[in-house]
Amino acid sequence: MATILVVDDELGIRDLLSEILNDEGHTVELAENAAQARAVRAQLRPDLVLLDIWMPDTDGVTLLKEWASTGLLSMPVIMMSGHATIDTAVEATRIGATAFLEKPITMAKLLKAVDQGLNKTPAKPGGHLAPTLRMVGSLSADLAVETTMAGVTLPEPVLDLGPQSLQSFNLDGPLREARDEFEKAYFEYHLAKESGSMTRVAEKTGLERTHLYRKLKQLGVDLARSKRSAL
């Protein structure tokens, strides 16, 4: 498993991403600003960085430029933001970011971006828009226009209808097994319906988000399926 550095000035986001990535078997280091990120980068050389754009001392794009210009951008960097524009996303990728996650970040989209980032080398700084760019969130349509203008061919989307609302269950077994089978199907259905948004599924099901995530792990919910349908 990988060593992942999470850089975000919001404690809640750091804690949530850390819990999810730790449960996936990764080692997670945390930084709440650019100064701490520089120190961790110099000491541990993480395999991947999740980097917030808006931070109080130095913004994420500036830090990304700094690493690129000094030869320190040797690891994949996934940018994160809840207020960025398509221009910011394109600029970050041209500098060398491998992906862009729009907040609120869902578990499925996070894990997909991390898996893809760990299996790719960082884009070369200063080049054209990388064909391997993955944009997650409402800016994806604008990104398709940008990549088309840059002469990049995007892969065809894979249609995944996800779990259906009407399903059958084995009622001849023990109650606990039937209950677990129903709960697993229930959560898979709502994850697919809400595009993997843990926040919306938590609101829909009436569960606190951290408890919901643990419940999904306990039931063995197929997260790979959620990741395939996230984009």
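S.K.: Whenever I open this one, empty space enclosed by the protein confuses me. Can you help?
M.R.: Leftover empty space is mapped by rolling, across the atoms, a probe with the size of a water molecule. Applying the stated rule across the entire model yields three cavities of 30 Å³ or more. Its volume calculated, the largest cavity comes out at about 70 Å³. Around the largest cavity sit Leu16, Ile20, Pro104, Ile105, Thr106, Met107, Ser197, Met198, Thr199, Arg209 and Tyr213, which together line it. Elements with a minimum of two residues in the lining of the largest cavity: helix H1 (11-23), helix H8 (198-205) and helix H9 (209-219). Residue composition of the lining of the largest cavity, grouped by class: seven nonpolar, three polar and one charged.

S.K.: Help me understand the pairing of strand E1 (residues 3-7), please; the structure alone is not making it clear to me.
M.R.: Look at any regular strand and the pattern is simple: side chains alternate between the two faces of the sheet. With four of five residues buried, E1 is to be regarded as a mostly interior element. Handedness of the E1-H1-strand E2 (residues 27-31) crossover: right-handed. Pairing analysis gives four bridges linking E1 to strand E3 (residues 48-52), with the strands arranged parallel. Its bridge partner being in E3, Leu5 is matched across the sheet by Val49.

S.K.: Please explain the confidence of the model for the protein as it appears in this structure.
M.R.: Should the pLDDT be low somewhere, the predicted coordinates at that spot are not to be read in detail. Residues of the protein with pLDDT of at least 70 account for 74%, and the chain-wide mean is 77. Element-level pLDDT for the protein is lowest in helix H6 (residues 140-149), with a mean of 45, against a maximum mean of 97 in E1. A low-confidence stretch, residues 122-161 (pLDDT under 50), is modelled with 66 contacts involving residues beyond four sequence positions or located in other chains. Contacts from residues 227-231, a stretch scored under 50 in pLDDT, to residues over four places away or in other chains number 14 contacts.

S.K.: Would you mind going over the packing of H1 against helix H5 (residues 107-118) with me for this structure?
M.R.: Packed helices, taken two at a time, are described by the angle between their axes plus the distance between the axes. Remark: H1 packs on H5, axes separated minimally by 11 Å, with the N-to-C direction vectors making an angle of 60°. Compared by their axis directions, H1 and H5 come out oblique. As for the relative orientation of H1 and H5, their crossing is right-handed in sense. Of H5, the residues touching H1 (which contributes Leu17, Ile20 and Leu21) are Met107, Leu110, Leu111 and Val114.

S.K.: Would you take a moment to explain the nonpolar core for this structure?
M.R.: What tends to happen in soluble globular proteins is that the nonpolar side chains get buried as a cluster. Counting residues in hydrophobic clusters, the biggest one holds 31 residues, and the most contacted among them are Ile4, Leu21, Leu50, Ile78, Leu101, Leu110 and Leu216. Listed in part, the 26 residues of the second largest apolar core include Val40, Ile53, Val61 and Val77.

S.K.: It is not clear to me how the packing of aromatic side chains should be interpreted in this structure. Could you clarify?
M.R.: Counted under the stated rule, the structure contains two aromatic pairs. For the ring pair Tyr186 and Phe187, a centre distance of 5.3 Å and an interplane angle of 75° mean the geometry is edge-to-face. Under the relative-accessibility criterion, Tyr186 is labelled partly exposed at 29%. In this structure an aromatic cluster arises from ring pairing among Phe182, Tyr186 and Phe187.

S.K.: In this structure, what is going on with the environment of Gln116? I would like to understand it.
M.R.: Tracing the backbone shows Gln116 in helix H5. Accessibility expressed as a relative area gives 18% for Gln116, which makes it buried. Remark: the alpha-carbon pair of Gln116 and Ala99, spanning 17 residues in sequence, is separated by 8.9 Å.

S.K.: What is the right way to look at helix H3 (residues 60-69) in this model?
M.R.: Since the α-helix turns once every 3.6 residues, residues separated by three or four places project in the same direction. Residues of H3 that are buried include every one of Gly60, Val61, Leu63, Leu64, Trp67 and Ala68, and no others. An end-on view of H3 places all buried positions within 160° of arc, on one side of the element. Buried residues belonging to H3 abut helix H2 (34-44), E3, strand E4 (77-81) and helix H4 (86-95). For H3, the N-terminal capping position is held by Asp59, with its side-chain oxygen 3.1 Å away from the main-chain nitrogen of Val61. Once H3 finishes, Gly71 follows within two positions and takes phi at roughly 75°, a positive value.

Conventions used here
- Residues numbered from 1 in each chain as written.
- Predicted model: local features only at pLDDT ≥ 70, side-chain atom pairs only at ≥ 80, totals over all residues.
- Heavy atoms only, no water.
- 1 Å grid on protein atoms, 1.4 Å probe; cavity = no way out; pocket = protein on both sides within 12 Å on 5 of 7 lines; lining within 4 Å.
- Points joined across faces, edges and corners; volume = space filled by probe spheres on them.
- Helix = DSSP H or I, 4+ residues; strand = E, 2+ residues; numbered from the N terminus.
- Nonpolar A, V, L, I, M, F, W, Y, C, P; charged D, E, K, R; others polar.
- Buried < 20%, exposed > 50% of the residue type's maximum accessible area, 1.4 Å probe, protein only.
- Right-handed = clockwise from strand over helix to strand, strands pointing away.
- Pairing = 2+ DSSP bridges.
- pLDDT = per-residue confidence, 0-100.
- Contact = heavy atoms within 4.5 Å.
- Axes fitted to C-alpha atoms, helices over the stretch in contact; angles between N-to-C directions.
- Parallel < 35°, antiparallel > 145°, perpendicular 65-115°, else oblique.
- Left-handed = near helix turned anticlockwise from the far one by under 90°.
- Core = buried A, V, L, I, M, F, W, Y, C linked by side-chain atoms within 4.5 Å.
- Phe/Tyr/Trp six-rings, centres within 6.5 Å; stacked < 30°, edge-to-face > 60°.
- Arc of directions from axis to C-beta.
- Polar contact = N/O pair within 3.5 Å; in protein donor to acceptor, adjacent residues only side chain to side chain.

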